[in-house]
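The chain contents come next:
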Amino acid sequence: MDLLPLGSYTFSSRLILGTGKFSDTRTMLDAVRASGAELVTVALRRFNREQMEDDLFGPLSEIGGITLMPNTSGASSAAEAVRAAHIARELSGSPFVKVEIHPNPQHLMPDPIETFEASKILASEGFIVMPYISADPVLAKRLEEVGCASVMPLGSAIGSGQGLKTSGMLDLIIRESTVPVIVDAGLRSPGEAAAAMEMGCAAVLVNSAIAAAGDPVAMAGAFSLGVVAGRRAFTAGLMPKSGHAVATSPLTSFLGKEP
Amino acid sequence: MITIELNGNKQEIPPGSSVSDLLALIGSIGKNTAVLLNEKIVRPENRSTAFLQEGDRVEVLIFAGGG
């Protein structure tokens, strides 16, 4: 069985789903089911009596086989992220936390310093810490050293659909990491998810590409297939690249020509 | 009535109200909520005995969609 290990947990699905930006809760739940995801991200928000349907804990629990990974979005400092993680653990009972600290709404790039500080504290407290980071091999290694269960570098900016713009750096992170590397943001298509998996990513986290698709439920199923195809290709081992042509058919003994 | 701060807004409640009473008042009973009273987490088993005072700050939080 090819399982994804994260902390003391293992998952058979390597597609992690975000739950934001869906047109309605029912579509989101159907997409989660269609994706086969076992790890799902949610955000902590103030209760608003005008938006009663926002409470996703109950509906997601009913799917079964789902582990929640609350994120710390909205936090702009390590202290705020740690506080959010504590509250989220109280609510979810899950040891997972996606550390996400992006102070600038213009580009949503993660703050490496605050992310490192929060991750270090939360890992020491026993959380299974999954930090969302820029594709920075040095930061990834430092996060691994302080006990993060994974690192989650971005493929491109959150919600941009720009794909694997950081593939060179991702490749470096994958080669140097001893924890699973999960591409977290920017993917647009199942083909890009497959490409990330073929590179050796352990999993991908997808939200906008599914939520903003014409048919989110069908797209969730397509991403599931893309991730499986990419993973199988990686474990099968891709052929070596060559700078010149290498014939696949015999070039000799053709219609009377002697070798 | 006494006035507390609920999720950043003023909220009037009857004197002697508990956190559970407040949750019933705002319609969040049955929802999966995390509650902070003056920055401290109030677990579900303690909500009916956590009584609110004038000026208390309460946060009621849920899980919403996020990526």
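Small disclaimer: the values here were computed from a predicted structure and weren't measured. (Residues numbered from 1 in each chain as written. Chains lettered and ligands numbered in written order. Predicted model: local features only at pLDDT ≥ 70, side-chain atom pairs only at ≥ 80, totals over all residues. Heavy atoms only, no water.)

Novice: I'd love a proper account of the overall build of chain B, names of residues and values included.
Specialist: Helix and strand counts for chain B stand at one helix and five strands. When the helices and strands of chain B are placed in sequence order, the string is β-β-α-β-β-β. Scaling as 2.2 N^0.38, a compact globule of 67 residues should have a C-alpha radius of gyration of about 11 Å, and chain B matches this with 12 Å. For chain B, the C-alpha atoms occupy an extent of roughly 40 × 25 × 20 Å along the three principal directions. When burial is assessed residue by residue, chain B has 46% of its 67 residues classed as buried. Long-range pairs, those at least 24 residues apart, make up 52% of the contacts in chain B with a sequence separation of at least 6. Carbon and sulfur atoms form 48% of the exposed surface of chain B, whose accessible area is close to 3,300 Å². Of note, chain B has its 6 positive side-chain charges centred 7 Å away from the centre of its 8 negative side-chain charges. (Helix = DSSP H or I, 4+ residues; strand = E, 2+ residues; numbered from the N terminus. Rg over C-alpha atoms; globule rule 2.2 N^0.38 Å. Buried < 20%, exposed > 50% of the residue type's maximum accessible area, 1.4 Å probe, protein only. Contact = heavy atoms within 4.5 Å. Areas by Shrake-Rupley, 256 points an atom, 1.4 Å probe, with all protein chains shown as cover. Lys, Arg positive; Asp, Glu negative; His and termini not counted. Charge placed at Lys NZ, Arg CZ, Asp CG, Glu CD.)

Novice: Tell me what's going on with the pairing of strand 3 (residues 34–37) of chain B, and back it up with residues and numbers.
Specialist: All names here are of chain B. The two faces of strand 3 match: Ala34 and Leu36 on one face and Val35 and Leu37 on the other face are all buried. Here strand 3 runs beside strand 5 (residues 57–65); their pairing, made up of four bridges, is antiparallel. In the sheet register, Ala34 faces strand 5, and the bridge partner there is Leu61. Relative to strand 4 (residues 40–42), strand 3 runs antiparallel, the two being bridged by three bridges. The residue of strand 4 that forms the bridge with Leu37 is Lys40. The hairpin turn running from strand 3 into strand 4, its antiparallel successor, is two residues long, and Asn38 in that turn takes a positive phi close to 50 degrees. (Pairing = 2+ DSSP bridges.)

Novice: Before we move on, can you summarise the pattern of salt bridges with the specific residues and values?
Specialist: Residue and element names in this part refer to chain A. What the rule picks out here adds up to ten salt bridges over all chains. Between Asp171 and Arg175 there is a salt bridge, and its shortest N-O distance comes to 3.3 Å. Of this pair, Asp171 and Arg175 both sit in helix 6 (residues 167–176), four residues apart, which is roughly one turn of that helix. A single network of salt bridges, built from pairs that share partners, joins Asp2, Arg14 and Arg231. (Salt bridge = Lys/Arg side-chain N within 4 Å of Asp/Glu carboxyl O.)

Novice: Outline the packing of aromatic side chains, listing residues and values.
Specialist: Residues and elements named next belong to chain A. In this structure the tally under the stated criterion is four aromatic pairs over all chains. Measuring from centroid to centroid gives 5.0 Å for Tyr9 and Phe96, while their planes differ by 80 degrees, and the two rings are edge-to-face. In this pair, Tyr9 is assigned in strand 2 (residues 9–11) and Phe96 in strand 6 (residues 96–99), connecting sequence segments 87 residues apart. Residue classification places Phe96 among the buried positions, given a relative accessible area of 1%. An aromatic cluster is present here, built from Tyr9, Phe11 and Phe96 joined pairwise through their rings. Over the face of the ring belonging to Tyr132 we find Lys98, whose NZ or CZ atom lies 5.4 Å from the ring centre. (Phe/Tyr/Trp six-rings, centres within 6.5 Å; stacked < 30°, edge-to-face > 60°. Lys NZ or Arg CZ within 6 Å of the ring centre and 35° of its normal.)

Novice: Please give an account of the interface of chain A and chain B that cites residues and values.
Specialist: Listed per partner, the contact involves 30 residues of chain A and 25 residues of chain B. The interface formed by chain A and chain B contains two salt bridges. A salt bridge links A:Arg46 to B:Glu59, with the nearest nitrogen and oxygen atoms 2.7 Å apart. For the pair chain A and chain B, the interface holds 14 residue pairs in polar contact (both at pLDDT 80 or more). Counting residues per element, the ones that place at least two in the side of chain A that touches chain B are strand 4 (39–46), helix 2 (57–63), strand 5 (67–71) and helix 3 (78–92) of chain A. With seven residues, the top contributor of residues to the side of chain A that touches chain B is helix 3 of chain A. Tallied by class, residues from the side of chain A that touches chain B come to twelve nonpolar, nine polar and nine charged. Relative to strand 5 of chain B, strand 4 of chain A runs antiparallel, the two being bridged by five bridges. Its bridge partner lying in strand 5 of chain B, A:Ala43 is registered against B:Ala64. (Polar contact = N/O pair within 3.5 Å; in protein donor to acceptor, adjacent residues only side chain to side chain. Nonpolar A, V, L, I, M, F, W, Y, C, P; charged D, E, K, R; others polar.)

Novice: Give me the state of the cysteines: which residues, what numbers.
Specialist: Residue and element names in this part refer to chain A. All chains considered together, the criterion is met by zero disulfides over all chains. Unpaired in this structure, Cys148 has its nearest cysteine sulfur neighbour in Cys201, at a distance of 17 Å. The exposure class of Cys201 is buried, given its relative accessible area of 0%. (Disulfide = S-S within 2.5 Å.)

Novice: Explain the pairing of strand 5 of chain A residue by residue, including any values.
Specialist: Residue and element names in this part refer to chain A. For strand 5, the buried fraction is high: five of the five residues fall into the buried class. Sheet analysis places strand 4 next to strand 5, joined by five bridges and oriented parallel. Across the sheet, the residue bridging to Val42 is Pro70, located in strand 5.

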